Amino acid sequence: MAGIVSKDIYRLVKTTTTEIDIMDRIYHGDVDAYNIDIEFYGVISITGTCNLHFVLSDGTALDKDASDGVVIDGNNVKYTLPTYLY
């Protein structure tokens, strides 16, 4: 299967949300194709830090933060999955 150019995985959540489950089909061989965008409804700007927690299909758990490329952009948290995660 040929790699896809880009796929946005978008979720709109309440300001009180601290945890969400996102599941989507990801294909081996794609490169920087999966862009996660979590928007917090009713918030103008997020301050502080954000940590994303991933559980891979084999049960391996990974945590990602700003040092790994997690970006806070206004009221959105954005991250592009690196190839090694799929």
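All of these numbers come straight from a predicted model, not from anything done at the bench.

What counts and what doesn't
- Residues numbered from 1 in each chain as written.
- Predicted model: local features only at pLDDT ≥ 70, side-chain atom pairs only at ≥ 80, totals over all residues.
- Heavy atoms only, no water.
- Core = buried A, V, L, I, M, F, W, Y, C linked by side-chain atoms within 4.5 Å.
- Buried < 20%, exposed > 50% of the residue type's maximum accessible area, 1.4 Å probe, protein only.
- Helix = DSSP H or I, 4+ residues; strand = E, 2+ residues; numbered from the N terminus.
- Polar contact = N/O pair within 3.5 Å; in protein donor to acceptor, adjacent residues only side chain to side chain.
- Contact = heavy atoms within 4.5 Å.
- Salt bridge = Lys/Arg side-chain N within 4 Å of Asp/Glu carboxyl O.

(A) Structural detail: the nonpolar core. I38, L52, F54, V70, V77, Y79 and L81 are the most contacted members of the largest nonpolar core, which has 15 residues in total. Sorting elements by how many residues they give to this core places strand β2 (residues 34–40) first, with 4 residues.

(B) Region of interest: the side chain of N75. Tracing the sequence through the fold places N75 in the loop between β5 (71–73) and β6 (76–80). At 3.2 Å, the side chain of N75 forms a polar contact with the backbone oxygen of V43. Discounting chain neighbours no more than four positions away, the residues touching N75 are I38, E39, F40, V43, I44, S45 and I46.

(C) Layout of the pattern of salt bridges. In this structure the tally under the stated criterion is 1 salt bridge. Taking the shortest distance from any N to any O, the salt bridge between D73 and K78 comes out at 3.3 Å. Exposure remark for D73: the relative accessible area of 41% places this residue in the partly exposed category. Judged by relative accessible area, K78 falls into the partly exposed class, the value being 32%.

Nothing here speaks to function; it is geometry throughout.
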